[in-house]
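Given next are the chains, with one letter for each unit.
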Amino acid sequence: MDELRRQLIATAQRMDALGLGRGTAGNLSVRTEGGDAAGFLITPSGMPSAALVAEDIVFMRFDGTSVGCRKPSSEWRFHRDLYVSRPDAGAVLHAHPPFATSVACLRRDIPAFHYMLARFGGDTLRCAAYATFGTQALSDAVLLAMADRRACLLANHGMLVFGDDLAHALALGVELEALCEQYWRACQLGQPVLLDAAEMATVLDRFASYGQQV
């Protein structure tokens, strides 16, 4: 599990380098498998990624108990609940980058202004209802917004994505911030022209075979 801890730290530091994370905002986790190791590793509360060492990464069980010398991220509940409810979630990334957070502060779903929204599983990107950070109420809102999706915005808060693994979650986080920037910029000029439901259904079907298939 030490190697997975190192990968988690490297990915958290990469989040910062790519502009998704700043200071101590945001958090990252990865699923662990097998017997006593069933659960997830998560970044600690209130520590900058540049300062992290393997011992700082917290192991959490699905019952909410943790093992380690640090407190887990205050947002561990929505990480835990996503892993429990979504077997396809291998890693979860939460961040407060500028464009995703700006749109989230409008409490606005992002409509089908660009076909790449289908990368996240649907024809819209939903914004989860506001709830205080670190609460079960926020996690419950996240699960609603993430139904049949790999990403959502969090009202007055930031973004949340999950991927198959750490690299995939990071790639989706970068792509989501780019889409939020494109949507934000398009809205400065007027209302973007939206793709209709039939076209988005076609795009979703094509995304089933997108990329390099194993």
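Quick note: structure is the one above.
These numbers come from a predicted model, not from an experiment.

Caption draft 1: Spatial organisation of the layout of surface pockets. For the largest pocket, the calculated volume is near 340 Å³. Around the largest pocket sit 24 residues that line it, and Thr24, Ala25, Gly26, Asn27 and Ser73 are the ones nearest its centre. Top contributing element to the lining of the largest pocket by residue count: helix α1 (residues 2-17), with three residues. Within the lining of the largest pocket, the residues separate by chemical class into eight nonpolar, 14 polar and two charged. In this structure, the second largest pocket spans a volume of roughly 240 Å³. What lines the second largest pocket is a set of 12 residues, and nearest its centre among them are Arg119, Arg150, His168, Phe207 and Tyr210. Within the lining of the second largest pocket, the residues separate by chemical class into five nonpolar, four polar and three charged.

Caption draft 2: Looking closely at unusual backbone geometry. The residue Arg107 is not glycine, and still its phi comes out positive at about 55°. Mapping Arg107 onto the fold places it in the loop between α3 (98-104) and β6 (127-128). Residue classification places Arg107 among the exposed positions, given a relative accessible area of 52%. The phi angle at Asn156 is positive, at roughly 55°, despite the residue not being glycine. Relative to the assigned elements, Asn156 resides in the loop between β7 (151-154) and β8 (158-163). Take Asn156: its relative accessible area is 35%, and that puts it in the partly exposed class.

Caption draft 3: Representation of the sheet that holds strand β5 (residues 91-95) in the model. Read from one edge of the open sheet, eight strands run β4-β3-β2-β1-β5-β8-β7-β6, paired in mixed fashion. Looking at which strands have only one partner, the edges of the open sheet turn out to be β4 (66-67) and β6. Relative to strand β2 (residues 39-42), strand β1 (residues 27-32) runs antiparallel, the two sharing four bridges. By the bridge assignment for β2, Thr32 is matched with Gly39.

Caption draft 4: Up close: helix α4 (residues 136-145). Leu138, Ser139, Ala141, Val142 and Ala145 are the residues of α4 that are buried. Axial view of α4: buried residues confined to an arc of 160°, hence all on one face. Looking at the buried residues of α4, the elements they touch are α2 (76-85), β6, β7 and β8.

Rules used throughout
- Residues numbered from 1 in each chain as written.
- Predicted model: local features only at pLDDT ≥ 70, side-chain atom pairs only at ≥ 80, totals over all residues.
- Heavy atoms only, no water.
- 1 Å grid on protein atoms, 1.4 Å probe; cavity = no way out; pocket = protein on both sides within 12 Å on 5 of 7 lines; lining within 4 Å.
- Points joined across faces, edges and corners; volume = space filled by probe spheres on them.
- Helix = DSSP H or I, 4+ residues; strand = E, 2+ residues; numbered from the N terminus.
- Nonpolar A, V, L, I, M, F, W, Y, C, P; charged D, E, K, R; others polar.
- Buried < 20%, exposed > 50% of the residue type's maximum accessible area, 1.4 Å probe, protein only.
- Pairing = 2+ DSSP bridges.
- Arc of directions from axis to C-beta.
- Contact = heavy atoms within 4.5 Å.

Shape descriptors only; they carry no functional weight alone.
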